Amino acid sequence: MGALLFCSNLDDPEEWRPPLTKLMPDLDFRVYPKFGDPADIDFAMVWRPPEEGLGQFKNLKAIQSLGAGVNQLNLASLPKGVAVARLVDEVLAKAMAEFCVLTALRYHRNIDVHERNSRVKKWEYIIPRPAEQRTVGMLGLGALGGTAAKLLKTIGFKVCGWSRAPKTIEGVECFAGPDGLYRMAAKTSIVICLLPLTPETQGILNRKLFDAMPQGSFLVNLGRGGHLKEADLLAALESGRLAGATLDVFNTEPLPDDHPFWNHPKILVTPHVASTGGADTAATLVVENIRRARAGKPLINQVDRAKGY
Ligand code: NDP
Ligand code: OXD
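Rules of the game
- Residues numbered from 1 in each chain as written.
- Chains lettered and ligands numbered in written order.
- Predicted model: local features only at pLDDT ≥ 70, side-chain atom pairs only at ≥ 80, totals over all residues.
- Heavy atoms only, no water.
- Pairing = 2+ DSSP bridges.
- Helix = DSSP H or I, 4+ residues; strand = E, 2+ residues; numbered from the N terminus.
- Axes fitted to C-alpha atoms, helices over the stretch in contact; angles between N-to-C directions.
- Contact = heavy atoms within 4.5 Å.
- Salt bridge = Lys/Arg side-chain N within 4 Å of Asp/Glu carboxyl O.
- Buried < 20%, exposed > 50% of the residue type's maximum accessible area, 1.4 Å probe, protein only.
- Phe/Tyr/Trp six-rings, centres within 6.5 Å; stacked < 30°, edge-to-face > 60°.
- Core = buried A, V, L, I, M, F, W, Y, C linked by side-chain atoms within 4.5 Å.

In space, the five strands of this open sheet follow the order 2-1-3-4-5, with parallel pairing throughout. Strands with a single pairing partner mark the edges of an open sheet, and in this sheet they are strand 2 (29–31) and strand 5 (83–85). In this sheet, adjacent strand axes meet at a mean angle of 25° when their direction is disregarded. Most of the contacts of helix 1 (residues 13–23) go to strand 2, to which it runs at about 175°, and overall it touches strand 1 (3–7), strand 2 and strand 3 (41–46). Seen against the sheet, helix 8 (residues 279–294) touches strand 1, strand 3, strand 4 (62–65) and strand 5 and runs at an angle of roughly 150° to strand 3.

Right under this line is the structure:
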């Protein structure tokens, strides 16, 4: 039987080893760079591939991303014919949906303004509006965006969503395709990005999108740093086109100390914490994928390498 290679500069292998070996006691769990004979490795759990790539593992059947996103794997660089799966489950999706509700309510109930006011002892009564008068737009209606859209709906918000292929979700006004994006943006004063980062979505949070949104709207980026044109955001906040932004993901993480986002009064920086899956709950899914890979079956959450997500 083959061995599993664990390779991450972020994740602790000792968090994964116990739940995986509990479910699969004969699992041969090896941690990069001490993997022994590369020919033994048939399954890899990876956040970012090592610098030399994964080409030396000639018997590799599948790669389990340690994230829900896979852009950091650089799909084109991975050995051809090897299946790739994303790590996303109900626990992660629920935590992400909570974060979306939290950020949407923070803007909807003007908490960002009250936070700023409280620093300068300013008593400003702003009449709260019902959630039904606010439209939130989700960019991405997949495992995460779709779950968040439904939870936002239960709060009372009007919810719109945008995907690549047309979709139907009860209670959510769905848009698709490039022109659908701007039709949706015109209706939504809080846009939340939960897209995968692909060549098509790179830089999609840009001036054209901000100009299509109502004056004084809000942006929440939970996808990847590469979705955002940073200079366009700063200009939109400066002009008042956007009234605030919450950013959880960045081109360089941790965000460098001298980055202008840190001290910006209208930007909330969070350190890639919108959601995360725990090893304990996700181990079942990983073990199932090890079994499937070894049996030559499609993986759970298998990525379409041509589409990039
Ligand atoms: P999915 O693959 O399940 O869904 C992706 C969605 O984006 C789909 O609705 C898809 O459309 C849509 N989409 C993709 N490309 C385009 C396009 N060109 N135009 C319009 N819509 C497009 O992904 P998840 O929901 O699981 O995850 C989304 C992203 O969230 C991840 O890739 C990752 O970057 C990020 N993430 C962030 C975390 C954080 O803590 N900040 C944690 C986990 C993930 P269609 O349905 O038509 O295919
Ligand atoms: C991600 C994750 O892909 O944290 O961002 O899972």
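Continuing now.
Think of it this way: side chains of opposite charge can pair up when their charged atoms draw near. What the rule picks out here adds up to 13 salt bridges. In this structure, Glu-14 and Arg-17 form a salt bridge, with 2.9 Å as the shortest nitrogen-oxygen distance. Of the two residues, Glu-14 and Arg-17 both sit in helix 1, three residues apart, roughly one turn of that helix. Judged by its relative accessible area of 42%, Glu-14 is partly exposed. As a salt-bridge pair, Asp-28 and Arg-30 come within 2.8 Å of each other at their nearest N and O atoms. Residue Arg-30 is classed as buried on the basis of its relative accessible area, which comes to 17%. Several salt bridges converge on common partners, so that one network encompasses Asp-28, Arg-30 and Asp-40.

The final tally for this structure, using the stated rule, is four aromatic pairs. An angle of 25° between the planes, with centres 6.0 Å apart, marks the rings of Tyr-32 and Phe-35 as stacked. Classification of Tyr-32 by relative accessible area gives partly exposed; the value is 26%. Aromatic side chains Phe-35 and Phe-57 sit 5.0 Å apart centroid to centroid with 80° between the ring planes, which places their arrangement in the edge-to-face category. Residue Phe-35 is located in the loop between strand 2 and strand 3, and its partner Phe-57 is located in the loop between strand 3 and strand 4; the two are separated by 22 residues in the primary sequence. One aromatic cluster in this structure is built from Tyr-32, Phe-35 and Phe-57.

With that settled, the discussion passes to the nonpolar core. Met-138, Leu-144, Leu-152, Ile-190, Ile-192 and Leu-222 are the most contacted members of the largest nonpolar core, which totals 30 residues. Going through the elements one at a time, helix 2 (90–108), strand 6 (135–139), helix 4 (143–155), strand 9 (190–193) and strand 10 (217–221) are the ones with two or more residues in this core. Considering every element that reaches this core, the biggest residue donor is helix 2, with nine residues. Those residues in contact with Met-138, other than ones at most four positions away along the chain, are Cys-100, Gly-145, Ala-148, Ala-149, Leu-152, Val-159, Cys-160, Gly-161, Trp-162, Met-184, Ile-192 and Leu-194. Leu-181, Ala-185, Leu-228 and Leu-255 belong to the second largest nonpolar core, which has 28 residues in total.

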